[in-house]
Amino acid sequence: MSTPTQHQRVVGRGVSTLIPQSAADQAMAALTGLETVPVHIGLLQAAALLLEDAARTAADEVTRAAMAKTAGMLRSAM
């Protein structure tokens, strides 16, 4: 087994800083995800159309199902 390179260690530290470490930081991150922000309806329509199109040509079933479900959720949000 080889030891991590300097680059791998730096990348690992960078990724870990993106993940909230304390319970308070995790709670704040979750609450931030719940904030309501205005989104133009055209953006949601475009995203749903692109996902539906990509789902038709997706190589694997799991990806296809995730795309279709996400498109459906976008449509119900509209």
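About the thresholds
- Residues numbered from 1 in each chain as written.
- Predicted model: local features only at pLDDT ≥ 70, side-chain atom pairs only at ≥ 80, totals over all residues.
- Heavy atoms only, no water.
- Salt bridge = Lys/Arg side-chain N within 4 Å of Asp/Glu carboxyl O.
- Helix = DSSP H or I, 4+ residues; strand = E, 2+ residues; numbered from the N terminus.
- Patch = residues over 30% accessible without salt bridge, like charges linked within 9 Å, V, L, I, M, F, W, Y side chains within 5 Å.
- Areas by Shrake-Rupley, 256 points an atom, 1.4 Å probe, with all protein chains shown as cover.
- Buried < 20%, exposed > 50% of the residue type's maximum accessible area, 1.4 Å probe, protein only.
- Expected span 1.5 Å × (residues − 1).
- Arc of directions from axis to C-beta.
- Contact = heavy atoms within 4.5 Å.

Colleague: With reference to specific residues and values, describe the pattern of salt bridges.
Modeller: Summed over all chains, the structure comprises 3 salt bridges. Across the pair E52 and R75 runs a salt bridge, and its minimum N-O distance is 2.8 Å. A residue pair is termed long-range when its members are at least 10 positions apart, and E52 in helix α3 (residues 41-57) and R75 in helix α4 (residues 61-77) qualify at 23 residues. Across the pair R56 and D53 runs a salt bridge, and its minimum N-O distance is 3.4 Å. Of this pair, R56 and D53 both sit in helix α3, 3 residues apart, roughly one helical turn.

Colleague: Describe a nonpolar patch on the surface, naming the residues involved and giving the relevant values.
Modeller: On the surface, a nonpolar cluster with roughly 350 Å² of combined accessible area is contributed by M28, L31 and L34. Residue class for L34 comes out exposed when judged on its relative accessible area of 65%.

Colleague: Kindly report on α3, identifying the contributing residues and their values.
Modeller: Here α3 spans 25 Å end to end across 17 residues, near enough to the 24 Å set by a 1.5 Å rise per residue. When we look at burial in α3, the residues that qualify are L44, A48 and A55. Seen from one end, α3 has its buried residues packed into an arc of 35°, which puts them on one side. Exposed and oriented more than 90 degrees from the buried face of α3 are L43, L50, R56 and T57. On its buried face, α3 sits against α4.

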